[in-house]
Amino acid sequence: MTELKHYFAPTSLDQAVECLKDGDVTILAGGTDLTPQSQAGRVKIKHTLMNIRHIPQLTGITLEGREIHIGALATITEIMEHPLVRQHLPVLVEACDHFASDQIRNAGTIGGNICNASPAGDTLIPLLVLDASVELASMPEAKLYRHTMPLSTFFVGPGKTRKSLCELVTGVRIPLPEQGHVARFFKLGTRPALDISTISIGVAGTLRDGVLSNARVAFGAVAPTPTRAAQTEQALEGQRLDAATIEKVAAIARDEVKPIDDVRATAWYRKEMIHNITKRILSHVAQA
Amino acid sequence: MSLKHDIEFTLNGVKRRVSVDVTMNALAMLREVIGLTGTKYGCGEGECGACTIQVDGVSLNSCLMFAVDCDGRNVTTIEGLANDSKADALRESFVEHGAVQCGFCTPGMIMQADHMLHKHAHPDEACVKRGLEGNLCRCTGYKKIVDAVVACGAAEVTP
Ligand SMILES: Cc1cc2nc3c(=O)[nH]c(=O)nc-3n(C[C@H](O)[C@H](O)[C@H](O)COP(=O)(O)OP(=O)(O)OC[C@H]3O[C@@H](n4cnc5c(N)ncnc54)[C@H](O)[C@@H]3O)c2cc1C
Ligand code: FES
Ligand code: FES
């Protein structure tokens, strides 16, 4: 890795992906992760620092067919205040509402939250239960190439994703939830503001006559990446959400997660909280 | 040798050109390059809000922002609110309510409260507490600060 030699602020997507071709580039969006990480020496800025702020193709929140598209540069504040998100994706609003502080919500972007790939990233849990896909752009030949990847396969470890060094995240796509869709998010921390999640849980599905289908469960801060919980989802699928089922599913959730001890909590505490809060969220879903 | 870059932006209503280290944050630029020391360094990592400024109409932590990212944008610091009638009322309300002790958090509090009052002209206590979540004060216990902001919003309703 070379030393920082170049600062570049492209004004189009083509310029940006062209610049990314040699792979020796650090991308700057809102800077709320990159500034402290680079100043503390945890992240070394590569040959080129590329500021993506002035690329119009990365902004905006729109309805495209049956999908909501959120540009990578949309800030947490823009997302939580946007009428489309408020109407169709209230669970994402809920997560944004528990994110850091007003100042950080005004600067931090969804693209940055996804690419920082923290196991505790707050938008990631609702995005996972909403079946979001990440949209990527690169320039392998002389032409812009775009593709999407399910968010559930995007994360590989803390700060690590399947995005190549030559790719830019341009946004996320979220299928429009169907009739009867319910989704809930809960973040457990020690204080309301500026707290990194001790654990977080997202649950979603379609509720018809008390029966949940297309069940989605995701946990934050209990594994190296934000993850979907396959066994818990399976236990929920097609079930009527009565007290016995809820208790059974919560116990499966507790067994499924393999958290670690760290400064914020012990593994034991995290497992207990996964149990208790899964139970609480499922009771809320049952009443929806 | 560290890489420099020339940027041009509007600072408190005036066009500025400066040459900054590419890795420098906006707080360091304001204080050390430009010499505006009203914006405070508390923690340097987004926890305290002492470094709050407004950029393109929203409040953010200048310690979490690259200085080069100010290029082409409209930046307001506490110095820029000196001749602003809305901010005058806020400042007076802080004084009246005894919301200033050592004063270190005050510039950040005023910048954030000013942003909040632009979004919610007449905030209640809960709204103010929510808006100031990212600002720490070591001295006042917050009650006086919250009261000062609520009173300032209320004052506009009944002049
Ligand atoms: C005090 C504090 C509190 C915080 N609290 C929370 C919290 O409660 N919840 C939470 O989830 N996060 C929190 N964060 C983390 C941070 O604010 C978020 O992750 C934010 O969304 C990052 O966005 P950004 O635009 O600032 O990213 P940046 O710092 O600009 O970038 C983050 C990373 O993503 C890469 N990147 C950014 N955009 C793209 C793109 N479009 N394509 C490819 N790569 C890209 C960058 O290269 C960098 O590695 C907190 C941070 C601080 C300092
Ligand atoms: S100095 Fe920026 S938040 Fe504390
Ligand atoms: S008055 Fe001293 S920190 Fe707030």
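As the structure is a computational prediction, the values presented were derived from the model and not from experiment. (Residues numbered from 1 in each chain as written. Chains lettered and ligands numbered in written order. Predicted model: local features only at pLDDT ≥ 70, side-chain atom pairs only at ≥ 80, totals over all residues. Heavy atoms only, no water.)

With respect to the pairing of strand E4 (residues 58-61) of chain B
Residue and element names in this part refer to chain B.
- Pairing analysis gives 4 bridges linking strand E3 (residues 52-55) to E4, with the strands arranged antiparallel. Looking across to E4, one finds that Val55 is bridged to Val58.
- In sequence, E3 turns back onto E4 through a hairpin of 2 residues, with Asp56 there showing a positive phi of about 50°. (Pairing = 2+ DSSP bridges. Helix = DSSP H or I, 4+ residues; strand = E, 2+ residues; numbered from the N terminus.)

As for the domain arrangement of chain A
Residues and elements named next belong to chain A.
- When cut into domains, chain A gives domain 1 (6-51), domain 2 (56-175) and domain 3 (181-286).
- Taking only C-alpha atoms, the centre of domain 2 and the centre of domain 3 are 22 Å apart.
- The interface of domain 2 with domain 3 comprises 23 residues on the first partner and 26 residues on the second.
- For the pair domain 2 and domain 3, the summed buried area comes to about 1800 Å², and 67% of that belongs to carbon and sulfur atoms.
- Of all residues in domain 2, Pro119, Ile125 and Val129 bury the most surface against domain 3, accounting for 31% of the area lost on that side.
- Counting every contact that joins domain 2 to domain 3 gives 3 salt bridges.
- Measuring nitrogen to oxygen at the nearest pair gives 2.8 Å for the salt bridge that ties Asp131 to Arg216.
- For the pair domain 2 and domain 3, the number of links is 4 residue pairs in polar contact (both at pLDDT 80 or more).
- The element that contributes the greatest number of residues to the side of domain 2 that touches domain 3 is helix H8 (residues 124-129), accounting for 5 residues.
- Per-class residue counts for the side of domain 2 that touches domain 3 are 15 nonpolar, 5 polar and 3 charged. (Domains from an automatic or database assignment. Contact = heavy atoms within 4.5 Å. Buried area = accessible area lost by both parts, 1.4 Å probe. Salt bridge = Lys/Arg side-chain N within 4 Å of Asp/Glu carboxyl O. Polar contact = N/O pair within 3.5 Å; in protein donor to acceptor, adjacent residues only side chain to side chain. Nonpolar A, V, L, I, M, F, W, Y, C, P; charged D, E, K, R; others polar.)

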